[in-house]
Amino acid sequence: MAIRTAGKLFKDLLRQRVISTPIGPSRHCSSAATSAPKIPHSSKKGRRLLTGATIGLIIAGGAYVSTVDEATFCGWLFSATKLVNPFFALLDAEKAHTLAVAAAARGWVPREKRPDPLILGLDVWGRKFSNPVGLSAGFDKNAEAVEGLLGMGFGFVEVGSVTPVPQEGNPKPRIFRLRQEGAIINRCGFNSEGIVAVAKRLGAQHGKRKLETSSTSSSNEEAKHGGKAGPGILGVNLGKNKSSEDAAADYVQGVHTLSQYADYLVINVSSPNTPGLRMLQGRKQLKDLVKRVQAARDEMQWGEEGPPPLLVKIAPDLSKEDLEDIAAVAVALRLDGLIISNTTISRPDPVDKNPVSAEAGGLSGKPLFDLSNNILKEMYMLTRGKIPLIGCGGISSGEDAYKKIRAGATLVQLYTAFAYGGPALIPQIKAELAECLQKDGFKSIHEAVGADCR
């Protein structure tokens, strides 16, 4: 039985990854809703390396698959992706990022077949999360690879930031690795294909996921639905155009166009790479903005599930007074959640000793962990645990995720560590997080939330 199951898995993998995948790069434009992302001509070398590595893994898997069960083979696939990481390291940072998104969009990534540990499951905003580990905005900016990313085992994936009108963002180069410090500096500046292109893409993916979930549910009555379109929660992060004079109008436009596909929405007012954006975190500015966006969301027609929750993503570079103002607005307006935090403009030790640290932009990765954790804990206490918080910044292990949860986070997000570690990091973090919870006697995520603040 195990051999037949593993054999079937390998055949499916071979068919999906090789036979059904176009050999050349697909044409890609905003009017093609289901097209895969275009791989730049300059990264053909990277594409050949990735394709060769993928075929090599499949061939090796063919020799291995007949002797193991499905779960073991799935674990092998995730572990084997570590072999590909050095190829990405040879490429320019942004080209590597583009190639990674393309790989996920084309299905050149492992698909998680193993169930998540039951202790990691939780309900937030009336939605079922199979685990609290998500992918933050900034990786899949244009919603090109939602299915592939959710399939890797993330509990939720957040796309964006999406701006109303397409914009190129800041000049390149704009992404810089600090590999030794496990960090990245970026000054992308909301490069986006715009809400029309993203809406078309999300609409096509939404219909496909619902159809697949419906067929699965008909044969499996125990199938669990996480989001609107099936297992896995989708967040949409909204941004404003650099040239816009009415920020609220930009966010309202995003709500009207994209909220029908979102399990939750995020107002991003904390990127350091868009001039004037962080000014929207002031008490009056934030209050006016949130009220206007909430009104736009609530005036739309919604079914039994109601409107998608609305969150605000804040910066880590805030004073105690700033945090108090944000907490007051969040509680008064019954905001559905806060994401803590975005990248930092500071350069904490040991990053400040690296020459690359002189580059302008937001710093993410391990050096951000303590700073974002302190802000997270402070905000949890200011809101008295009444508002779900998403902890983001510097997570690279299950223990890091656990510390975020104990500091007040209900959910957590990765980005930089995933960029360095690849798909193998996802099951590793989930397993380590489950172990941490059990070791301290917690029976669920909710029991551990804010444990260090009590």
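On a predicted model such as this, the values are computed, not experimentally measured, just so you know.

A. Summary view of the packing of aromatic side chains. One pass over the structure, following the stated rule, counts eight aromatic pairs. Between Phe-139 and Tyr-415, the aromatic rings sit 6.1 Å apart at their centres with planes inclined by 85°, giving edge-to-face as the arrangement. Placement of the pair is Phe-139 in the loop between strand S3 (133-135) and helix H6 (146-151) and Tyr-415 in the loop between strand S13 (411-414) and helix H13 (416-421), with a sequence separation of 276 residues. The buried category is assigned to Phe-139, whose relative accessible area is 6%.

B. Fine view of the pairing of strand S7 (residues 233-238). Of all six residues making up S7, six are buried, and the element is well covered by its neighbours. Relative to S7, strand S4 (residues 156-162) is paired through six bridges, and the arrangement is parallel. Paired with Val-162 across the strands is Leu-238, a residue of S7. In terms of handedness, the path from S7 via helix H8 (residues 247-258) over to strand S8 (residues 264-268) forms a crossover that is right-handed.

C. Here's a closer look at the side chain of Ser-271. Within the fold, Ser-271 resides in the loop between S8 and helix H9 (283-298). Engagement of the side chain of Ser-271 in a polar contact is seen with the backbone nitrogen of Asn-273, the distance being 3.2 Å. If we ignore the near neighbours within four places in the chain, the residues touching Ser-271 are Phe-190, Leu-277, Arg-278 and Asn-342.

D. Main features of the side chain of Ser-372. Summarising the element assignment, Ser-372 is placed in helix H11 (residues 369-382). For Ser-372, a relative accessible area of 0% puts it in the buried group. Among the polar contacts made by the side chain of Ser-372, one reaches the main-chain carbonyl oxygen of Phe-369 at a distance of 3.1 Å.

E. Main features of the nonpolar core. Counting residues in hydrophobic clusters, the biggest one holds 104 residues, and the most contacted among them are Tyr-251, Ile-314 and Leu-338. Top contributing element to this core by residue count: helix H14 (residues 425-439), with seven residues. Discounting chain neighbours no more than four positions away, the residues touching Ile-314 are Ser-270, Gln-281, Leu-323, Ile-326, Leu-338, Ile-339, Ile-340, Ser-341, Asn-342, Ile-375 and Met-379. Judged by nonpolar contacts, the second largest core, of six residues, contains Phe-176, Leu-178, Ile-185 and Leu-363.

F. Highlighting the sheet that holds S3. Pairing within the closed barrel is parallel, and its eight strands lie in the order S3-S4-S7-S8-S9-S10-S12-S13. Within the sheet, the average angular offset between the axes of one strand and its neighbour, ignoring direction, is 25°. Relative to S13, S3 runs parallel, the two being bridged by three bridges. The residue bridging Leu-135 from the neighbouring strand is Leu-414, located in S13.

G. The sheet that holds strand S11 (residues 362-365), seen in detail. Strand order across the open sheet formed by three strands is S5-S6-S11, with antiparallel pairing between neighbours. Since the sheet does not close on itself, it has two edges, and those belong to strand S5 (175-178) and S11, each with one partner. Across the sheet, the mean angle separating the axes of adjacent strands is 20° when strand polarity is ignored. With four bridges connecting them, S5 and strand S6 (residues 183-186) associate as antiparallel partners. Across the sheet, residue Phe-176 finds its bridge partner in S6, namely Ile-185.

H. Focus on the environment of Ala-330. Topologically, Ala-330 is positioned in helix H10 (residues 320-332). With residues up to four places along the chain from it excluded, the contact list for Ala-330 reads Leu-335, Leu-338 and Ile-387.

Criteria and cut-off values
- Residues numbered from 1 in each chain as written.
- Predicted model: local features only at pLDDT ≥ 70, side-chain atom pairs only at ≥ 80, totals over all residues.
- Heavy atoms only, no water.
- Phe/Tyr/Trp six-rings, centres within 6.5 Å; stacked < 30°, edge-to-face > 60°.
- Helix = DSSP H or I, 4+ residues; strand = E, 2+ residues; numbered from the N terminus.
- Buried < 20%, exposed > 50% of the residue type's maximum accessible area, 1.4 Å probe, protein only.
- Pairing = 2+ DSSP bridges.
- Right-handed = clockwise from strand over helix to strand, strands pointing away.
- Polar contact = N/O pair within 3.5 Å; in protein donor to acceptor, adjacent residues only side chain to side chain.
- Contact = heavy atoms within 4.5 Å.
- Core = buried A, V, L, I, M, F, W, Y, C linked by side-chain atoms within 4.5 Å.
- Axes fitted to C-alpha atoms, helices over the stretch in contact; angles between N-to-C directions.

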